[in-house]
Amino acid sequence: MSALNNKRILIGISGGIAAYKTAEFARALIKNGAEVRVCMTKAATEFITPLTLQALTGNPVHSELLDPAAEAAMGHIELARWADLIMIAPASADLIARLANGHANDLLSTICLATETPIHIAPAMNRLMWSNAATQNNCKTLSQRGYTLHGPAEGEQACGETGAGRMLEAQELADIVIAVFNDEVQSKPLFGKTVLITAGPTREAIDPVRYISNRSSGKMGYAIAEAAQSLGADVQLVSGPVALEAPNKVTRSLVESASQMHDKTMNLAESADIFIATAAVADYSPANIADQKIKKEVDAENVNKNPELTLALQTNKDILSDVSHAFPNLFSVGFAAETENLIKNAQAKLQRKKLDMIVANQVGENKGFDKDTNQIEIIWHDGQLSLPEQDKKLLAIELMKVITERFSSSTLQR
Ligand code: PMT
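Residues numbered from 1 in each chain as written. Predicted model: local features only at pLDDT ≥ 70, side-chain atom pairs only at ≥ 80, totals over all residues. Heavy atoms only, no water.

Engineer: Quick rundown of the overall build of the chain? Include the residues and the values.
Structural biologist: From N to C terminus, the chain includes 14 helices and 19 strands. In terms of overall size, the chain is more extended than a compact globule, its C-alpha atoms giving a radius of gyration of 29 Å where 414 residues would be expected to give roughly 22 Å. Here the C-alpha coordinates of the chain stretch approximately 95 × 60 × 35 Å along the principal axes. Split by element, the accessible area of the chain, about 21000 Å² in all, is 48% carbon and sulfur. Taken as two groups, the 39 positive and 48 negative side-chain charges of the chain have centres that lie 2 Å from each other. (Helix = DSSP H or I, 4+ residues; strand = E, 2+ residues; numbered from the N terminus. Rg over C-alpha atoms; globule rule 2.2 N^0.38 Å. Areas by Shrake-Rupley, 256 points an atom, 1.4 Å probe, with all protein chains shown as cover. Lys, Arg positive; Asp, Glu negative; His and termini not counted. Charge placed at Lys NZ, Arg CZ, Asp CG, Glu CD.)

See below:
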């Protein structure tokens, strides 16, 4: 995976000869997987054309604060929210002064005022302008407000003088952006851990066109996959047939039957740290799958000669139990879908399936399955926590926090 996959970088360009380096900077970011948009001040367009940057990034370049066409496509507030990181390169003495004074008199300064996104700046100017107390004070003000400054470097300048004021090179700036995102990921609590999740229903074939299944939509499992990924984990999602897209940056394996889910999960469990079984796996499957579609046998009057059909079922393997027994060091979390005796049945499953934690949810009567919300009781060996009914995505974030806490303290004890 590229270092900047799915990252959105907004490059701000102000007027300065170093603006030519920005084309190379944009290319380096894109090569590393980033999506790049560019916002230029009017002065910047004197040094490099918007067309060059539009061609390189594949996106229209933004420069006008009051441009109805641009606002209709992506307004300045949306642009301010869109970015994961803003890099202003080059940042001229004038732009630095306007930012330090909170001006909003062009698109770039307005975006900087209207964003919570981290802003990085790469100053570039004549050495005397750089060392001037006014510029130094402005830079200090910006640093105190959370801006991160990179450079300038020392060397020969376009004006013929030598000293500090050169903008960092394009590759140096790209390496800084990559390092920022690497540090961010590495500081997440599940960085370097693999979380394996089963989700959705299974389908147990009766004949080539019919199957036994259940009402699981996969929403709960997919929300947990997304939450685990946002905590820095590598997520492996083994999913039965559902109508959901794979969450961003989650590796999904699609399976159909309980037996396929069993085999895929057992394979992946070997390299996992945490296993969360949210799938509604069929406990039984037809003992024999008919080769051809099962047909009614009717007489001349269209009366069914065999009005009753009995399907022989066999027990499927228990994926959760097999994983937790085969990999005792794995932190295993089960779900218990119960229509009665919620806590008692869940506690029994916690013991029987040799789990570290179980999540009990009441199902039936329009609860649990195929709903956007859920209410859960999290039970572990020396504790219990109740989470009220809420959207499954929010619930998944809360649940993943608890799993991460319990997992961390269990690895300390192991
Ligand atoms: O998918 P949604 O529409 O969002 O609904 C979510 C859900 C209600 C399906 C989910 O929250 C849930 O409760 N999943 C577990 C459903 C279930 O099969 O529960 P169970 O009590 O029968 O099984 C207990 C545990 O053993 C579960 O973790 C299950 O994944 C696992 N199991 C069961 C049987 C089997 N053969 N293999 C298993 O791994």
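Engineer: Can you explain the domain arrangement of the chain? Please cite residues and give values.
Structural biologist: As far as domains go, the chain holds domain 1 (8-186) and domain 2 (194-283 + 312-413). The C-alpha-based centres of domain 1 and domain 2 are spaced at 45 Å. (Domains from an automatic or database assignment.)

Engineer: Report on the packing of aromatic side chains, specifying residues and quantitative values.
Structural biologist: Scanning the model with the defined rule gives one aromatic pair in all. Over the aromatic face of Trp-82 sits the side chain of Arg-37, whose NZ or CZ is 5.5 Å from the ring centroid. (Phe/Tyr/Trp six-rings, centres within 6.5 Å; stacked < 30°, edge-to-face > 60°. Lys NZ or Arg CZ within 6 Å of the ring centre and 35° of its normal.)

Engineer: Any details on the sheet that holds strand β18 (residues 373-380)? Residues and values, ideally.
Structural biologist: Sheet architecture is open: eight strands sit in the order β12-β11-β8-β13-β16-β17-β18-β19, paired in mixed fashion. Only two strands of the sheet have a single neighbouring strand rather than two, namely β12 (250-254) and β19 (383-391). Averaged over all adjacent pairs, the angle separating strand axes in this sheet is 15°, with direction ignored. Across four bridges, the pairing between strand β8 (residues 194-199) and strand β13 (residues 274-277) is parallel. Its bridge partner lying in β13, Leu-196 is registered against Phe-275. Of the strands in this sheet, β8, β11 (234-239), β12, β13, β16 (331-338) and β18 are in contact with helix α10 (residues 219-230), which crosses β11 at around 170°. Sheet strands touched by helix α13 (residues 342-352): β16, β17 (357-362), β18 and β19. Its angle to β17, the strand with the most contacts, is close to 150°. (Pairing = 2+ DSSP bridges. Axes fitted to C-alpha atoms, helices over the stretch in contact; angles between N-to-C directions. Contact = heavy atoms within 4.5 Å.)

Engineer: So what about helix α5 (residues 93-100)? Which residues, and what values?
Structural biologist: Among the eight residues in α5, six count as buried, and that is most of the element. Considered for burial, the residues of α5 that qualify are Ala-93, Leu-95, Ile-96, Arg-98, Leu-99 and Ala-100. The inward-facing, buried residues of α5 abut β3 (85-91), α6 (107-113), β4 (119-123), α7 (127-131) and α8 (133-144). Downstream of α5 by a residue or two, Gly-102 has a phi angle that is positive, lying close to 70°. (Buried < 20%, exposed > 50% of the residue type's maximum accessible area, 1.4 Å probe, protein only.)

Engineer: Describe the environment of Phe-275, naming the residues involved and giving the relevant values.
Structural biologist: Considering the arrangement of structural elements, one finds Phe-275 in strand β13. Considered as a pair, Phe-275 and Ile-197 are 78 residues apart in the sequence and their alpha carbons are 5.9 Å apart.

Engineer: Which residues make up the nonpolar core, and what values go with them?
Structural biologist: Within the largest apolar cluster, 34 residues are counted, with the highest numbers of intra-cluster contacts made by Ile-224, Ile-276, Met-400 and Ile-403. Secondary-structure elements contributing two or more residues to this core are β8, α10, β11, β13, β16, β17, β18 and α14 (392-413). Non-local contacts of Met-400, meaning those with residues more than four positions away in its chain, are made with Leu-190, Ile-224, Ala-227, Ala-228, Leu-231 and Ile-276. Counting 33 residues, the second largest nonpolar core, distinct from the first, contains Leu-4, Leu-173, Ile-176 and Phe-181. (Core = buried A, V, L, I, M, F, W, Y, C linked by side-chain atoms within 4.5 Å.)

Engineer: Could you give an account of the site of the ligand, with specific residues and numbers?
Structural biologist: Neighbouring the ligand are 29 residues; Ser-217, Ala-279, Lys-349, Asn-361 and Asp-370 lie closest to it. The separation between an oxygen atom of the ligand and a polar main-chain atom of Met-220 is 2.8 Å. Between the ligand and Ala-279, the relevant distance is 2.6 Å, taken from an oxygen atom to a main-chain nitrogen or oxygen of the residue. In the complex, the protein chains occlude 95% of the 770 Å² of accessible area that the ligand would expose alone. Broken down by secondary-structure element, the contributors of at least two residues to the shell around the ligand are α10, α12 (319-326) and β16. Here the element with the most residues in the shell around the ligand is β16; it accounts for four residues. Residues belonging to the shell around the ligand are distributed by class as follows: 13 nonpolar, eight polar and eight charged. (Near = heavy atom within 4 Å. Polar contact = N/O pair within 3.5 Å; in protein donor to acceptor, adjacent residues only side chain to side chain. Nonpolar A, V, L, I, M, F, W, Y, C, P; charged D, E, K, R; others polar.)

Engineer: Tell me about helix α9 (residues 170-186), residues and numbers included.
Structural biologist: Taking 1.5 Å as the rise per residue, α9 with 17 residues should run 24 Å; its terminal C-alpha atoms sit 24 Å apart, in good agreement. Those residues of α9 not exposed but buried are Ala-170, Leu-173, Ala-174, Ile-176, Val-177, Ile-178 and Phe-181. Elements in contact with the buried residues of α9: β1 (8-13), α1 (19-31), β3 and β4. (Expected span 1.5 Å × (residues − 1).)

Engineer: How would you explain the sheet that holds β3 if you had to name every residue and give the values?
Structural biologist: Pairing between the strands of a sheet comes from backbone hydrogen bonds, and it takes one of two forms, parallel or antiparallel. Pairing in this open sheet of five strands is parallel, and the strands run β2-β1-β3-β4-β5 from one edge to the other. Since the sheet does not close on itself, it has two edges, and those belong to β2 (35-40) and β5 (148-149), each with one partner. Taken strand by strand, helix α2 (residues 50-57) contacts β1 and β2, and its axis lies near 170° from that of β2.

Engineer: Break down the pattern of salt bridges for me, with residues and values.
Structural biologist: With the rule as written, the count across this model stands at 14 salt bridges. With a shortest N-O distance of 3.7 Å, Arg-27 and Glu-24 are connected by a salt bridge. With Arg-27 and Glu-24 both in helix α1 and three residues apart, the pair spans about one turn of that helix. Assessed through its relative accessible area of 48%, Arg-27 is described here as partly exposed. Between Arg-166 and Glu-169 there is a salt bridge, with its nearest N and O atoms 3.1 Å apart. Among the ionic contacts, a cluster of salt bridges with common partners joins Lys-21, Arg-166 and Glu-169. (Salt bridge = Lys/Arg side-chain N within 4 Å of Asp/Glu carboxyl O.)

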